[in-house]
Amino acid sequence: LPFERIPSVEVFGASVRLSVLVGLLIIARTAYLLFKKQLKLKFNLQEKLLVAFLVWIFLLIPESINISRAVSVFLFNSFTIVTALSVAMLFDKKYIKPIIYSMLVSATAVSAFAVFQYFGNLFGLPNSITGIRDMYTWKVFGFPRVQSFALEPLYFASYLLLPFCVVYSLLINSNQKIISNKIILFLLGFFAFIIFLTVSRGALYAMIGVVLVGTLFALRLKLLNFKQLAKIASALIISACLSLVLINFFNKPPSAYTQGKKGASAYLSQLQNTSLDDNDGRQLARQRAIGIISSEKIVLILGLGPGQFGPYVQNNIPREGGKWTIVNNLTLELLVESGIVGLGLIIVFIITLLYKGLRLFINSKDREVVILSGGLSLYLLSQAIQYQGYSTLYIIYIWTSIG
């Protein structure tokens, strides 16, 4: 799951990654077991909501401005959702330990690479070795924004919130026998440290949000005592301080973008930037989406069609490289592209999944089930928060987690 960009290859405009290949194998395995009648299709409320969403956006394709983009977005969403459904059908409780172990090992490996990427870029190693894209090198802020093997820092941070939330769930279930609590505490701080280095505002807000909600929930259920809470708080404070110290003492002269600020000052300024500048592309896209919904009432009901915000605002003329404008807010993007029906189906689906996950966390007697359901519920909450700052729905690690 962490290898989103490296290694990958572009085929007909789609990025073929390791996770895509494994996802196809999982789908094929599920189809084979269904054919052999070793699995049975079960459509609970959450599955019905997902199928209804796919049917709805499929029905919107004919009204789309750019049919080929609409079909592509429908296929991308279909692939990730079918992967989630396949994971759900194949999942067994006996897989929980190996899933947690492999998740933490892979997350630690790509996080270690992010540290190498940070220093490698500052010390002049070529981008072909560090894997960092030019727009995230030190040339902008005076320090790199780490992205590891991901497409962008925000996607890397989005992925890292998954092991972060699982580690947090392990910590509040301190009597667990899966991994030593000392190792878990170190990993919590390490993943938080790397998330700070991505300089992704949405991810930081999401991390703070899940820690607050998770802590309140754990205190309510008497899973945490003051000593445990102090350890968690210390790990997070140390990770924040280390990131600031690193950025403050290992940096280079930034671009004009930071308006004369450098090091920790430039970092904190970026985190406090609420993107309300009239020249900010993301804010302008959100305002345009709100304007479309307000002025065209039919869009509020039906939407423009899957992936059609870009073609609509660009008069169906892509930018250089075939790029389309996106809203950078999933709630608004779903509303403007799939209407209140599409947005409503996804919101009810998320609420249903969270309700069932939390009920499992509270009522299950199986400690491993409690840990994983708690971690995944927190991760779903983190993405609900972070999705207010970006808007790609078809992300494989999110849908694998949903599965």
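This text follows the structure it describes.
I will try to describe carefully the structure that is included in this document.

Analysis parameters
Residue positions within a chain follow its written sequence, with the count starting from 1. Where totals are concerned, whole chains, interfaces and linings use all residues; where local detail is concerned, this predicted model gives features only for residues with pLDDT of at least 70, and gives and counts side-chain atom pairs only at 80 or more. Calculated side-chain values reflect all of the structure's heavy atoms, with hydrogen atoms and water omitted. Here a strand is any run of E in DSSP of at least two residues, a helix any run of H or I of at least four, and the numbering for each starts at the N terminus. Categorising residues by exposure relies on relative accessible area from a 1.4 Å probe, with only protein chains included: less than 20% of the type maximum marks a residue as buried, more than 50% marks it as exposed, and the intermediate range marks it as partly exposed. The contact definition used throughout considers only heavy atoms, calling two residues in contact when any of these lie within 4.5 Å. Each accessible area is a Shrake-Rupley result for a 1.4 Å probe, and residues are judged covered by the shown protein chains and nothing else. In summary, the charge assignment counts Lys and Arg as positive and Asp and Glu as negative, without counting His or the chain termini. Just so you know, the charge point we use is NZ for Lys, CZ for Arg, CG for Asp and CD for Glu. We call a set of buried Ala, Val, Leu, Ile, Met, Phe, Trp, Tyr and Cys residues a nonpolar core when their side-chain atoms join them within 4.5 Å. Any residue with relative accessible area above 30% and no salt bridge may belong to a patch, with like charges joined within 9 Å and the nonpolar Val, Leu, Ile, Met, Phe, Trp and Tyr side chains within 5 Å. Only one rule defines a salt bridge in this text: a Lys or Arg side-chain nitrogen within 4 Å of an Asp or Glu carboxyl oxygen. Residues adjacent in sequence count toward polar contacts only when both atoms are side-chain atoms; beyond that, a polar contact is any pair of N or O atoms within 3.5 Å, and within protein one must be able to donate a hydrogen and the other to accept it. In this scheme Phe, Tyr and Trp rings, the latter by its six-membered ring, pair at centre separations within 6.5 Å, and the angle between planes marks the pair as stacked below 30 degrees, edge-to-face above 60, and tilted otherwise. To estimate the expected span of a helix, subtract one from its residue number and multiply by 1.5 Å. Whenever a helix is involved, its axis is fitted only over the stretch in contact; in every case the axis is a line through C-alpha atoms, and angles between N-to-C directions fall within 0 to 180 degrees. What sets the label is the angle itself: under 35 degrees gives roughly parallel, over 145 gives roughly antiparallel, 65 to 115 gives roughly perpendicular, and the rest give oblique. Crossing handedness is read from the near helix: turned anticlockwise from the far helix by less than a right angle, it gives a left-handed crossing, and turned clockwise, a right-handed one. Note on residue classes: Ala, Val, Leu, Ile, Met, Phe, Trp, Tyr, Cys and Pro are nonpolar, Asp, Glu, Lys and Arg are charged, and everything else, Gly too, is polar.

### A look at the overall build of the chain
- Within the chain, the regular secondary structure consists of 17 helices and two strands.
- For the C-alpha atoms alone, the extent of the chain along its principal axes is close to 55 × 55 × 40 Å.
- Out of the 403 residues belonging to the chain, those deemed buried represent 49%.
- Within the chain, counting contacts between residues at least 6 apart in sequence, those at least 24 apart form 72% of the total.
- Summed over its atoms, the accessible surface of the chain is roughly 19,500 Å², and 67% of this surface lies on carbon and sulfur atoms.
- Of the side chains in the chain, 35 bear a positive and 16 a negative charge, and the two mean positions are spaced by 13 Å.

### Here's the deal with the nonpolar core
- Counting residues in each nonpolar core, the largest one holds 109 residues, and the members touching the most others are Ile100, Leu104, Phe156, Phe164, Phe191 and Ile194.
- Per element, the largest residue contribution to this core is 16 residues, and it comes from helix H7 (residues 153-172).
- Those residues within four positions of Leu104 in sequence are excluded, and the remaining contacts are Pro163, Val167, Leu170, Ile179, Ile184, Leu187 and Phe191.

### A look at a nonpolar patch on the surface
- A cluster of nonpolar side chains, namely Leu41, Phe43, Val51, Val55, Phe58 and Leu59, defines an oily patch on the protein surface of about 560 Å² accessible area.
- With respect to the element layout, Leu59 can be found in helix H2 (residues 45-60).

### Overview of the side chain of Thr137
- Along the chain, Thr137 falls in the loop between helix H5 (127-130) and helix H6 (138-141).
- The buried category is assigned to Thr137, whose relative accessible area is 3%.
- In this structure the side chain of Thr137 is engaged in a polar contact, spanning 2.9 Å, whose partner is the backbone oxygen of Asp134.
- The residues touching Thr137, leaving out its near neighbours within four places in the chain, are Asn121, Asn127, Ile132, Phe143 and Pro144.

### Quick look at the pattern of salt bridges
- All chains considered together, the criterion is met by three salt bridges.
- Across the pair Lys93 and Asp366 runs a salt bridge, and its minimum N-O distance is 3.7 Å. With Lys93 in the loop between helix H3 (67-90) and helix H4 (96-122) and Asp366 in the loop between helix H15 (330-363) and helix H16 (367-386), the pair connects residues that are 273 residues apart, well separated along the chain.
- A residue is classified by how much of its surface remains accessible, and Lys93, at 48% relative accessible area, is partly exposed.
- With a relative accessible area of 27%, Asp366 lands in the partly exposed category.

### As for unusual backbone geometry
- Between Ile6 and Pro7 the backbone carries a cis peptide bond, its omega angle lying at 0°.
- With respect to the helices, strands and loops of the structure, Pro7 is situated in the segment before strand E1 (8-11).
- Despite not being glycine, Ser148 has its phi angle at roughly 50°, a positive value.
- Examined against the element boundaries, Ser148 turns out to sit in the loop between H6 and H7.
- Positive phi outside glycine occurs at Val199, with the angle close to 55°.
- Here Val199 lies in the loop between helix H8 (181-198) and helix H9 (201-220).
- Look at Val199 and you get buried, because its relative accessible area is 3%.

### Observations concerning the packing of aromatic side chains
- Under the defined criterion, the tally for this structure stands at 18 aromatic pairs.
- Put simply, the rings of Phe3, Phe113, Phe116 and Phe149 pair up and form one aromatic cluster.

### Overview of helix H12 (residues 281-295)
- Between its first and last C-alpha atoms H12 spans 21 Å; for 15 residues at 1.5 Å apiece the expected length is 21 Å, and the two agree.
- Three or more residues of H12 are buried, namely Gln283, Ala285, Arg286, Ala289, Ile292 and Ile293.
- Against the buried residues of H12 lie helix H13 (297-302), helix H14 (309-313) and H15.

### Some points on the packing of H4 against H8
- Where H4 meets H8, the closest approach of the two axes is 10 Å, and the angle between their N-to-C directions is 45°. Here H4 is positioned oblique relative to H8, judged by the angle of their axes. Here the hand of the crossing between H4 and H8 comes out left-handed. Two secondary-structure elements touch here, H4 through Leu104, Ala107, Thr108, Ser111, Ala112, Ala114, Val115 and Tyr118 and H8 through Ile184, Leu187, Phe190, Phe191, Phe193, Ile194 and Leu197.
- In terms of residue class, the contact of H4 with H8 is made up of 13 nonpolar, two polar and no charged.

### Focus on the packing of H9 against helix H11 (residues 264-272)
- At their nearest, the axes of H9 and H11 sit 9 Å apart, and the two run at 75° to each other. It follows from the interaxial angle that H9 and H11 lie roughly perpendicular. Here H9 contributes Arg201, Leu204 and Tyr205 to the contact with H11, which in turn contributes Tyr267, Gln270 and Leu271.
- Of the residues belonging to the contact of H9 with H11, the class tally is four nonpolar, one polar and one charged.

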